[in-house]
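# Fold and geometry: a report
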Amino acid sequence: MFNCCVRSQKTNGMFQKTSFTTLIIGVFVVYVLHTCWVMYGIVYTKPCDESSGVHCVAPYLAKKPRLQLSIYTSLKAAGDGNPNLILNIEDFDIHSKFERKVNVSLPKKTRNNGTLYTYVFVHQAGVSPWHDNKEVHLVSQLTAYMVPKPQEVNLIGGEDPTQSESHRKTPNVPDRPVAHWRSRLTLNIMADDFSFDGDSLPGDVHRYMKILQYGKKVQYLPILFVDLLSNRVKDLMVINGSTMELPLTVSYDTISLGKLRFWIHMQDAVYSLQQFGFTEKDADEIKGIFVDTNLYFLALTFVVAAFHLLFDFLAFKNDISFWKKKKSMVGMSSKAVLWRCFSTIVIFLYLMDEQTSMLILIPAGVGSIIEVWKVKKAFKIQMHWHGLKPTFKFGKSDESERRTEAYDTQAMKYLSYLLYPLCIGGAGYSLVYVKYKSWYSWLINSLVNGVYAFGFLFMLPQLFVNYKFKSVAHLPWKAFMYKAFNTFIDDVFAFIITMPTSHRLACFRDDVVFLVYLYQKWLYPVDKSRVNEYGESYDEKPKGKPHKD
């Protein structure tokens, strides 16, 4: 009866542990499948079959009318704002893409930190767009507001000597948002000969539609779209009071219905993020994901990113579980733990200094907190409060832990012969040849460059400790495996995407160290019949009180 109770308790414990992971994986699979179904519904639209008697909305462009493109600027987003014509294409062929550069005169109000809008009309050739009942138009903003990027200088040489005298005399950069000029205007027209079902028009496209009815026949005018995702921060130009005119590049191309619907959803998503407080730079990083990436590769990136997130969560879960129950540091390199904490905090400060998107900054901050907690566990730090004054107490190490520390110190001694000259040389090079905004930026960038370039070296002391102990039983292997999967994903994308050779080598250097870990795991197999460093045996039955019959 006792054995049955023990077996029941063991089975229940394993089931509870497995069920949580299974639940997370199940939710992940459902999420991925649901997202794929939603994306398929966006990209694919069922055409209307007129022979089935369904009420269809046909394209006006099927008649091949003569069209004209007119672009105006105005101080007002609606109504009469004294529009100024900047581009007029009388014989506008919607199937021919083009790129034109025009100089736009700036009104005084715009030069004084004001706003300027553009009216884009597609209308009948030879008819004024303001009096055409078959015109389609969109209004877009040609200005944006953001804090100007501070001037970067060489910290030893002072101001950048390559800049012109007029630029060096520019007053200090303001710390408030000012008007910037959007130097690009990207236009699209949906040119597919596609008939919509009048009873189930897609809501995203419907708001861009203008429908005309001739008796029982219904047609929709050309669907005009202004691509705001192509408005990047790198194309913005600061507007000041002395700027009388600025260049504007007008680009035009056709767009398919599937891409148009996808672009509308992504554009709405970016706009929603900006309404929640995301800056222009935050939005620009998200735009770059869609604009700089092929749609098919973007879909692949989504699937891979989803698995990356799953492996991150599982690695986080197993790492926390491992350190939560860890009582001894036998066989563990405490200096490697301390280094991971330091490097994570440096990367977090670097992301803050670069004003990185909150989507990246928040996880980095949480990771820094976790690493600080691991340092507390590794060094057995206890904090006691006496009023408002905290005191710290370090736990004592036993003989095995002191032996581990001796091996760890020996490994760090050998490593310092290589690490210190590299770090000092890299910091000196950046001080002389690289421009930074301030001394703080130089310090953070030098530290983060050292972390990225030489951080993998701090994985080596743990290999040395494993070699001395002839054991790897003390390592969190599940967390290692999930992290290795993520590293492998990063490596594959480093070769798919065009990247410098140095970056590719940087991606693979961690894999080399992990392969050495795997070799050590094979070289020092765990004997499951013996008691490990924690006083536990794999064959030991769980202790518990037998249930009375």
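Above: the structure in question.
Now for a look at the structure at hand. (Residues numbered from 1 in each chain as written. Predicted model: local features only at pLDDT ≥ 70, side-chain atom pairs only at ≥ 80, totals over all residues. Heavy atoms only, no water.)

### Let's talk about the pattern of salt bridges
Under the defined criterion, the tally for this structure stands at 5 salt bridges. We note a salt bridge from R261 to D204, for which the minimum N-O separation is 3.0 Å. One end of the pair, R261, is in helix α5 (residues 257-275); the other, D204, is in helix α4 (residues 203-206), with 57 residues separating them in the sequence. Assigned by exposure class, R261 and D204 land together as buried. (Salt bridge = Lys/Arg side-chain N within 4 Å of Asp/Glu carboxyl O. Helix = DSSP H or I, 4+ residues; strand = E, 2+ residues; numbered from the N terminus. Buried < 20%, exposed > 50% of the residue type's maximum accessible area, 1.4 Å probe, protein only.)

### Side note on helix α8 (residues 334-353)
The terminal C-alpha atoms of α8, which comprises 20 residues, lie 29 Å apart, in line with the 28 Å expected from a rise of 1.5 Å per residue. By the burial criterion, the buried members of α8 are S334, A336, V337, W339, C341, S343, V346, Y350, L351 and D353. (Expected span 1.5 Å × (residues − 1).)

### A short note on the packing of aromatic side chains
Applying the stated criterion to the full structure yields 15 aromatic pairs. Between the aromatic rings of Y72 and W130, the centroid separation amounts to 5.4 Å while the plane-to-plane angle is 65 degrees, which identifies the pairing as edge-to-face. One end of the pair, Y72, is in strand β2 (residues 67-74); the other, W130, is in the loop between β5 (117-124) and β6 (136-141), with 58 residues separating them in the sequence. On the basis of relative accessible area, Y72 is assigned to the buried category, the value being 11%. By relative accessible area, which is 40% here, W130 ends up partly exposed. Seen from their ring centres, F98 and Y252 are 5.6 Å apart, and the 25 degrees between their planes marks the pair as stacked. Of this pair, F98 sits in strand β4 (residues 98-105) while Y252 sits in strand β16 (residues 245-255), placing them 154 residues apart in sequence. Accessibility classification places F98 together with Y252 in one group, the buried group. Ring pairs connect the aromatic residues Y72, Y119, F121 and W130, which therefore count as one cluster. Over the ring of W263 we find K259, and its NZ or CZ is 5.1 Å from the ring centre. (Phe/Tyr/Trp six-rings, centres within 6.5 Å; stacked < 30°, edge-to-face > 60°. Lys NZ or Arg CZ within 6 Å of the ring centre and 35° of its normal.)

### Things to note about the environment of L523
Within the secondary structure, L523 is located in helix α14 (residues 501-523). Exposure remark for L523: the relative accessible area of 37% places this residue in the partly exposed category. For L523 and S471, which are 52 residues apart along the polypeptide, the C-alpha to C-alpha distance reads 8.6 Å.

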